[in-house]
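Geometric and topological summary
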Amino acid sequence: MVRGTMAAMAMSGLRQVTTSLGLVAQVPPESVLCETAPRLMNAIPVAQRTALVEGIHWSYGAFGGVLFGMLPRQLRRQPWTGPAFGSAFWLGFELVVRRMLGIADGEGGVRQKLALAADHVLYGTVVGASEWPYRD
């Protein structure tokens, strides 16, 4: 769980870069909140919305870290497992969660999808990089 949270924090840093470069118009946690809980988003002062979005994102990351920790030890030891796990987490959002919640693809097109895929590879790399996954 801790590694998942730390990996989500690393993603947040990369997303700061990709959003400031205009590669990502709206990060997925923000789009989820805007689509599923617009009253909540409108009730939160604009200056504090980023903190809410980050808190939700780090919670997703913690959940992903728990899922990664549940993988079999032999699988967690493979160097490709972390990046593959991060990619699968992103694909799960894109192919399942986004459609279940009726969230539009957004404005960013292919560049945004590539940027989001890259930050999920970073997430998986961070989750899988620690010595911790090798000790049950």
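All of these numbers come straight from a predicted model, not from anything done at the bench. (Residues numbered from 1 in each chain as written. Predicted model: local features only at pLDDT ≥ 70, side-chain atom pairs only at ≥ 80, totals over all residues. Heavy atoms only, no water.)

**Description of helix α7 (residues 109-129)**
Three or four residues apart is the spacing at which side chains of an α-helix point the same way, because the helix has 3.6 residues per turn. Over its 21 residues, α7 runs 30 Å from end to end, which matches the ideal 30 Å to within 8%, given 1.5 Å per residue. In this fold, the buried residues of α7 make contact with α1 (2-20), α2 (28-36), α4 (46-69) and α6 (81-101). (Helix = DSSP H or I, 4+ residues; strand = E, 2+ residues; numbered from the N terminus. Expected span 1.5 Å × (residues − 1). Contact = heavy atoms within 4.5 Å.)

**Some remarks on the pattern of salt bridges**
What the rule picks out here adds up to 3 salt bridges. Its salt-bridge partner being Asp 119, residue Arg 15 comes within 2.6 Å of it at the nearest N-O pair. One end of the pair, Arg 15, is in helix α1; the other, Asp 119, is in helix α7, and 104 residues separate them in sequence. The class of Arg 15 is buried, set by a relative accessible area of 6%. (Salt bridge = Lys/Arg side-chain N within 4 Å of Asp/Glu carboxyl O. Buried < 20%, exposed > 50% of the residue type's maximum accessible area, 1.4 Å probe, protein only.)

**Some remarks on the nonpolar core**
With 9 residues, the main nonpolar core is built from Val 24, Val 27, Leu 33, Met 41, Val 53, Trp 90, Ala 115, Leu 116 and Ala 117. Looking at which element gives the most residues to this core, the answer is α7, with 3 residues. The residues contacting Val 27, other than those within four sequence positions of it, are Arg 15, Thr 19 and Val 53. Residues Ala 7, Phe 85, Tyr 123 and Val 127 belong to the second largest nonpolar core, which totals 6 residues. (Core = buried A, V, L, I, M, F, W, Y, C linked by side-chain atoms within 4.5 Å.)

**Re the side chain of Thr 81**
Mapped onto the secondary structure, Thr 81 falls in helix α6. Not counting residues within four places of it along the chain, the set of residues in contact with Thr 81 comprises Phe 68, Leu 71, Leu 75 and Arg 76.

**Regarding the packing of aromatic side chains**
Taken as a whole and assessed by the stated rule, the structure comprises 3 aromatic pairs. With 5.3 Å between their ring centres and 75 degrees between their planes, Phe 68 and Phe 85 make a pair best called edge-to-face. Placement of the pair is Phe 68 in helix α4 and Phe 85 in helix α6, with a sequence separation of 17 residues. In this structure, Phe 68 and Phe 85 share a single accessibility class: buried. Ring geometry for Phe 85 against Phe 89: centres 5.8 Å apart, planes inclined by 25 degrees, an arrangement best described as stacked. Of this pair, Phe 85 and Phe 89 both sit in helix α6, 4 residues apart, which is roughly one turn of the helix. With a relative accessible area of 24%, Phe 89 lands in the partly exposed category. (Phe/Tyr/Trp six-rings, centres within 6.5 Å; stacked < 30°, edge-to-face > 60°.)

**A look at a nonpolar patch on the surface**
A contiguous nonpolar surface patch, about 550 Å² in accessible area, is contributed by Leu 91, Leu 95, Val 96, Val 97, Met 100 and Leu 101. With respect to the helices, strands and loops of the structure, Leu 91 is situated in helix α6. For Leu 91, a relative accessible area of 40% translates into the label partly exposed. (Patch = residues over 30% accessible without salt bridge, like charges linked within 9 Å, V, L, I, M, F, W, Y side chains within 5 Å. Areas by Shrake-Rupley, 256 points an atom, 1.4 Å probe, with all protein chains shown as cover.)

**Focus: the packing of α6 against α7**
Put simply, α6 and α7 touch, their axes get as near as 6 Å, and they point 135 degrees apart. Taken together, α6 and α7 sit at an angle that is classed as oblique. The two elements α6 and α7 cross, and the hand of that crossing is right-handed. Each of Gly 82, Pro 83, Phe 85, Gly 86, Ser 87, Trp 90 and Glu 94 in α6 lies in contact with α7, whose residues at this interface are Lys 113, Leu 116, Ala 117, His 120, Val 121, Tyr 123, Gly 124, Thr 125 and Gly 128. Within the contact of α6 with α7, the residues separate by chemical class into 7 nonpolar, 7 polar and 2 charged. (Axes fitted to C-alpha atoms, helices over the stretch in contact; angles between N-to-C directions. Parallel < 35°, antiparallel > 145°, perpendicular 65-115°, else oblique. Left-handed = near helix turned anticlockwise from the far one by under 90°. Nonpolar A, V, L, I, M, F, W, Y, C, P; charged D, E, K, R; others polar.)

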